[in-house]
Amino acid sequence: MTPVANSGAGSAAWGRRTFLGALGLAVLMRPSRADGATVEIHQLKFTPPEIEIAAGSTVTFVNLDLVPHTATGASFDTGTLTKDQRKEVQFPTAGEFPYFCKFHRHMTGKVVVR
Amino acid sequence: MSRKLLAGLALAATLAAGCAAQAMAQDPAKLNDLEIAHAAYVAGDIDIRNAHLALALSDDPKVREFAGLMIRDHEAVNQAALALLDKLKAKPQNNAFSQTLLKGAHDNLAKMAQLSGRAFDKSYAENELAYHHTVNQVVGDAFIPNVENAELKALLGQALATFKAHEQHAAEMVKEVGS
């Protein structure tokens, strides 16, 4: 009889603890939403103007201005964000990703992915 | 002479030289909240009309880009203003200052409509720079300090940040179109 086939109460409890422990470890190791970052668009500025995230993480762009904006880079584009709209963008690979607002040329920012 | 009064004079001189006396019939610093809301809406609407004229008459990509920006941004600000007034169950009040703005804008639009090509582009660019400069002075020096409703004050503050960016953009357009 193998341990897996043993369906005693003690084994079941051990199995649950192992499963929950593994799950917890996985949650800790996985790039979570908390690993991502938020860039607020307010008063015609990206805040913060430059952020650093881990590869595979996401950046959420949220427009707090009255007027529409975009966050547009060479490899990504949020599209038009009206007031209070948000868009999550994932950055799977390392590198530097400068971006700007298509409507307001002076608005620029950068995502640095490590 | 107060800065507010100077701002009012500058606006009157720029937008309606022939109607300065009428403009001063109502100092922008003395408008109530609902009159300020009306004047701010009218000011935005004037710039939207100017932009539509630019899209109709200009082939210059920089002018057309700016005109598109004016329509997009001023429509958004005016929609926000209407939504706020709706929430407050308030109705904007027409006033002599708004009427002077409209009269000056109507005359200005008629003049610009007679132009074409580079002459129009230069006129539009210079007008946009002057218009935003004077409107920003009135909003910053007369409207925002005097408006009583906190939400309207906040909205005007946000709008002013946008309009200042427009002024900066217009200054660049003047250089680009004039070069």
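Every value quoted in this text rests on a predicted model; they were computed, and no experiment measured them. (Residues numbered from 1 in each chain as written. Chains lettered and ligands numbered in written order. Predicted model: local features only at pLDDT ≥ 70, side-chain atom pairs only at ≥ 80, totals over all residues. Heavy atoms only, no water.)

Colleague: Describe the confidence of the model for chain B, and please don't skip the residues or the numbers.
Modeller: Residue and element names in this part refer to chain B. For chain B, mean pLDDT is 88; residues scoring 70 or higher make up 85% of the total. Considering only residues more than four positions removed or in separate chains, one finds that residues 1-24, a stretch of pLDDT under 50, has 41 contacts. Reported for the predicted complex are a pTM of 0.79 and an ipTM of 0.79. (pLDDT = per-residue confidence, 0-100. Contact = heavy atoms within 4.5 Å.)

Colleague: Lay out the packing of aromatic side chains with the relevant residues and their values.
Modeller: Throughout the structure, instances matching the rule amount to 9 aromatic pairs over all chains. Judged by centre distance (4.8 Å) and plane angle (80 degrees), the ring pair of Phe46 of chain A and Tyr99 of chain A falls under edge-to-face. Within this pair, whereas Phe46 of chain A is found in strand β2 (residues 45-47), its partner Tyr99 of chain A is found in strand β7 (residues 95-100), the two being separated by 53 residues in sequence. An identical accessibility class is assigned to Phe46 of chain A and Tyr99 of chain A; each is buried. Note on Phe120 of chain B and Tyr124 of chain B: the rings are 6.0 Å apart at their centroids and 10 degrees apart in plane angle, and the pair reads as stacked. A residue pair is termed a helical-turn pair when its members lie 3 or 4 positions apart in one helix, as Phe120 of chain B and Tyr124 of chain B do in helix α6 (residues 117-146) at 4 residues. What links up through ring pairs into an aromatic cluster is the set Phe46, Phe61, Phe76, Phe91, Phe97 and Tyr99 of chain A. (Phe/Tyr/Trp six-rings, centres within 6.5 Å; stacked < 30°, edge-to-face > 60°. Helix = DSSP H or I, 4+ residues; strand = E, 2+ residues; numbered from the N terminus. Buried < 20%, exposed > 50% of the residue type's maximum accessible area, 1.4 Å probe, protein only.)

Colleague: Lay out the side chain of Asn95 of chain B in plain terms, naming residues and giving numbers.
Modeller: All names here are of chain B. Among the secondary structure elements, Asn95 is positioned in the loop between α4 (61-87) and α5 (96-113). At a separation of 3.3 Å, a polar atom in the side chain of Asn95 contacts the main-chain carbonyl oxygen of Glu35. Setting aside residues no more than four positions away along its own chain, Asn95 makes contact with Gln26, Leu31, Glu35, His38 and Ala39. (Polar contact = N/O pair within 3.5 Å; in protein donor to acceptor, adjacent residues only side chain to side chain.)

Colleague: How would you summarise the sheet that holds strand β5 (residues 72-73) of chain A if you had to cite specific residues and measurements?
Modeller: All names here are of chain A. Strand order in the open sheet made by the 4 strands is β3-β8-β7-β5, with mixed pairing throughout. Of all the strands in the sheet, just β3 (50-53) and β5 have a single pairing partner and so form its edges. By the bridge criterion, 2 bridges tie β5 to β7 in an arrangement that is antiparallel. Note on β7: the bridge partner recorded for Thr72 is Phe100. (Pairing = 2+ DSSP bridges.)

Colleague: Summarise the nonpolar core; cite the residues concerned and give the values.
Modeller: Among the nonpolar cores identified, the biggest contains 39 residues, and Phe61, Phe91 and Val111 of chain A together with Tyr124 of chain B are the most heavily contacted of them. With 6 residues, the single largest contributor to this core is α4 of chain B. Filtering out sequence-adjacent residues up to four positions away, Val111 of chain A remains in contact with Ile51, Ile53, Val59, Phe61, Phe91, Gly95, Glu96, Phe97 and Tyr99 of chain A. Phe97, Tyr131, Phe143 and Phe163 of chain B belong to the second-largest nonpolar core, a separate cluster that totals 33 residues. (Core = buried A, V, L, I, M, F, W, Y, C linked by side-chain atoms within 4.5 Å.)

Colleague: Let's hear about the side chain of His169 of chain B: which residues, and what values?
Modeller: Checked against the element boundaries, His169 of chain B lands in helix α7 (residues 150-178). Apart from residues no more than four positions distant in its own chain, His169 of chain B is found in contact with Arg105 of chain A together with Glu65, Phe66 and Leu69 of chain B.

Colleague: An account of helix α3 (residues 33-57) of chain B is requested, with residue identities and associated values reported.
Modeller: Every α-helix winds through 3.6 residues per turn, so residues three or four apart in the chain are directed the same way. If you check α3 of chain B, its first and last C-alpha atoms are 36 Å apart, about what 25 residues at 1.5 Å a residue would give, namely 36 Å. Backbone nitrogen of Leu34 of chain B and a side-chain oxygen of the N-cap are separated by 2.9 Å at the start of α3 of chain B; the cap is Asn32 of chain B. (Expected span 1.5 Å × (residues − 1).)

Colleague: I'd like a rundown of the packing of α4 of chain B against α7 of chain B, residues and numbers included.
Modeller: All names here are of chain B. Packing of α4 against α7 brings their axes to within 11 Å, and their N-to-C directions diverge by 170 degrees. Taken together, the axes of α4 and α7 lie roughly antiparallel to each other. Considered class by class, the residues forming the contact of α4 with α7 number 15 nonpolar, 4 polar and 6 charged. (Axes fitted to C-alpha atoms, helices over the stretch in contact; angles between N-to-C directions. Parallel < 35°, antiparallel > 145°, perpendicular 65-115°, else oblique. Nonpolar A, V, L, I, M, F, W, Y, C, P; charged D, E, K, R; others polar.)

Colleague: How would you sum up the interface of chain A and chain B? Please name residues and give values.
Modeller: Contact residues are listed per partner, giving 11 residues for chain A and 18 residues for chain B. Summing both sides of the interface, chain A and chain B together bury roughly 1300 Å²; the carbon and sulfur share of this comes to 57%. Its largest share of buried area at the contact with chain B, chain A owes to Leu66, Phe103 and Arg105 of chain A, together 50% of the area lost on that side. Inspection of the chain A/chain B interface yields 3 salt bridges. A salt bridge links Glu176 of chain B to Arg105 of chain A; the shortest N-O distance between them is 3.2 Å. Counting across the interface, chain A meets chain B through 4 residue pairs in polar contact (both at pLDDT 80 or more). (Buried area = accessible area lost by both parts, 1.4 Å probe. Salt bridge = Lys/Arg side-chain N within 4 Å of Asp/Glu carboxyl O.)

Colleague: Explain the environment of Ala67 of chain B to me, and be specific about the residues and the numbers.
Modeller: Residues and elements named next belong to chain B. Tracing the backbone through its elements, the reader meets Ala67 in helix α4. When the C-alpha positions of Ala67 and Ala54 are compared, they lie 6.4 Å apart, and in sequence the two are 13 residues distant. Aside from chain neighbours lying at most four places away, what touches Ala67 is Ala51, Ala54, Leu55 and Tyr124.

Colleague: How would you summarise the sheet that holds strand β6 (residues 86-90) of chain A if you had to cite specific residues and measurements?
Modeller: All names here are of chain A. Ordered by their spatial adjacency, 4 strands build an open sheet running β2-β1-β4-β6, and the pairing between neighbours is mixed. The sheet is open, and its two edges are formed by β2 and β6, each paired on a single side. Taking the axes of each pair of neighbouring strands and ignoring which way they run, one obtains an average angle of 20 degrees across the sheet. Note: strand β4 (residues 58-63) against β6, 5 bridges, orientation antiparallel.

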